[in-house]
Amino acid sequence: MLPEYRSMTYEEFLNLADEDLPAEWVDGEVIVTSLARDRHQDIVRFLTAVLSVFVETHEPGAVRPAPFQMKLAQEHLDRLKATYLDGPADLVIEITSPESVGRDRGEKFYEYEQANIPQYWLIDPERKRAEFYRLDENGQYQLAPQEAGVSRSRVLEGFWLRADWLWQTPPVLEALRALELV
């Protein structure tokens, strides 16, 4: 359990928080988040399954769904730790909730941009809207183009996603077959 105050160092946060506490550390402040809704969990399950199979099949890497902390930094060695990623990910996906949409579109958007995370996917289940951002040559996020509802990843070569898959009961096998993974 976190103490009553919510301001602490990242190391203090890691020592006090565990996987049962839905919380994030942002600029020295601990933000307790709401529990994920059913639709949110469906999207997380779908993306975790599809991305995990893709990464295992195509390139070395790891897929870590929430709750897994990411400590943003420009330089890092041996980034994957037992409870967090020490340094920026290649791709960050945020699935918004009514209480997080402001942070996901505001603070996190700019933090991820400043940390040079090459791709940021922002998925809003309430509005059925998926935005796929890529860093441009100036280090700023630009909305990535979609072709017929398909977004292609730059960091996962050969990976693409149909946005409408996110709004259905997630069709994991359909997606894996379309990506020629099964």
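Criteria and thresholds
- Residues numbered from 1 in each chain as written.
- Predicted model: local features only at pLDDT ≥ 70, side-chain atom pairs only at ≥ 80, totals over all residues.
- Heavy atoms only, no water.
- Pairing = 2+ DSSP bridges.
- Helix = DSSP H or I, 4+ residues; strand = E, 2+ residues; numbered from the N terminus.
- Axes fitted to C-alpha atoms, helices over the stretch in contact; angles between N-to-C directions.
- Contact = heavy atoms within 4.5 Å.
- Buried < 20%, exposed > 50% of the residue type's maximum accessible area, 1.4 Å probe, protein only.
- pLDDT = per-residue confidence, 0-100.
- Core = buried A, V, L, I, M, F, W, Y, C linked by side-chain atoms within 4.5 Å.
- Phe/Tyr/Trp six-rings, centres within 6.5 Å; stacked < 30°, edge-to-face > 60°.

Engineer: Just checking my understanding: could you explain the sheet that holds strand β8 (residues 141-143) for this structure?
Structural biologist: One key point about sheets: their strands pair by backbone hydrogen bonds, in either a parallel or an antiparallel sense. Strand order in this open sheet of 4 strands is β5-β6-β7-β8, and the pairing throughout is mixed. The open sheet has two edge strands, β5 (91-95) and β8, and neither has a second partner. In this sheet, neighbouring strand axes are inclined to one another by 25° on average, regardless of whether the strands run parallel or antiparallel. Relative to β8, strand β7 (residues 129-135) runs antiparallel, the two being bridged by 3 bridges. Each bridged residue has a counterpart across the sheet, and for Tyr133 the counterpart in β8 is Leu143. Its contacts with the sheet place helix α2 (residues 38-58) against β5 and β6 (119-124), and it is angled at close to 160° to β5.

Engineer: Sorry if this is basic, but what is going on with the pairing of β6 here?
Structural biologist: Here is the key point about a regular strand: its side chains alternate between the two faces of the sheet. Buried residues dominate β6, accounting for 6 of its 6 residues. By the alternation rule, side chains of β6 split into Gln119, Trp121 and Ile123 and Tyr120, Leu122 and Asp124, which are all buried. Direction of pairing for β5 relative to β6: parallel, over a ladder of 5 bridges. Within the sheet, the bridge partner assigned to Ile95 lies in β6 and is Ile123. Bridging between β6 and β7 involves 6 bridges; their strand directions are antiparallel. The residue of β7 that forms the bridge with Ile123 is Ala130. Counted between consecutive antiparallel strands, the loop separating β6 from β7 contains 4 residues, among which Lys128 sits at a positive phi close to 50°.

Engineer: Hey, could you run me through the confidence of the model for the protein in this one?
Structural biologist: Any segment with low pLDDT has predicted coordinates that should not be analysed in fine detail. Scored by pLDDT, the protein has a mean of 79; 70% of the residues are at 70 or more. Here strand β3 (residues 69-71) is the element of the protein with the lowest mean pLDDT, 47, and β8 is the one with the highest, 96. The low-confidence segment residues 68-77 (pLDDT under 50) makes 42 contacts with residues lying over four places distant or belonging to another chain.

Engineer: Got a minute to help me understand helix α4 (residues 107-114) in this structure?
Structural biologist: Note: α-helices contain 3.6 residues per turn, so residues at a spacing of three or four share the same orientation. Along α4, the positions that sit buried rather than exposed are Lys108, Phe109, Glu111, Tyr112 and Glu113. Taken from the residues just after α4, Asn116 is the one with a positive phi, measuring 60°.

Engineer: In this structure, what is going on with unusual backbone geometry? I would like to understand it.
Structural biologist: Of all residues except glycine, most have a negative phi; of all peptide bonds, most are trans. Its identity as a non-glycine residue notwithstanding, Asn116 has a phi of 60°, on the positive side. Among the secondary structure elements, Asn116 is positioned in the loop between α4 and β6. Look at Lys128: it is not a glycine, yet its phi comes out positive at around 50°. Inspection of the secondary structure assignment puts Lys128 in the loop between β6 and β7.

Engineer: Hey, could you run me through the nonpolar core in this one?
Structural biologist: In a soluble, globular protein the nonpolar side chains are often hidden away together inside. In this structure, Phe46, Leu47, Val50, Ile123, Phe159, Leu161 and Leu166 are the most contacted members of the largest nonpolar core, which totals 28 residues. Counting only elements with at least two residues in this core, the list comes to α2, β5, β6, β7, β10 (160-162) and α5 (172-178). The dominant element in this core, judged by the number of residues it contributes, is α2, at 7 residues. If we skip the residues at most four places from it in the chain, Ile123 touches Ile43, Leu47, Ile93, Glu94, Ile95, Thr96, Arg129, Ala130, Leu166 and Trp167.

Engineer: Would you mind showing me how to read the packing of aromatic side chains here?
Structural biologist: For any pair of aromatic rings, the description rests on two quantities: the centre-to-centre distance and the angle between the ring planes. Taken as a whole and assessed by the stated rule, the structure comprises 12 aromatic pairs. When the ring of Phe46 is compared with that of Trp165, the centres are 6.2 Å apart and the planes differ by 70°; the resulting orientation is edge-to-face. Placement of Phe46 in helix α2 and of Trp165 in the loop between β10 and α5 is noted, with a sequence separation of 119 residues between them. With respect to burial, Phe46 and Trp165 carry one shared label: buried. Relative to Phe159, the ring of Phe54 has its centre 5.1 Å away and its plane inclined at 75°; by these criteria the two rings are edge-to-face. Residue Phe54 is located in helix α2, and its partner Phe159 is located in the loop between β9 (150-152) and β10; the two are separated by 105 residues in the primary sequence. Across this residue pair, the class does not change: Phe54 and Phe159 are buried. Three or more aromatic residues link up through ring pairs in this structure, and these residues are Phe109, Tyr110, Tyr112, Tyr120, Tyr133 and Tyr141.

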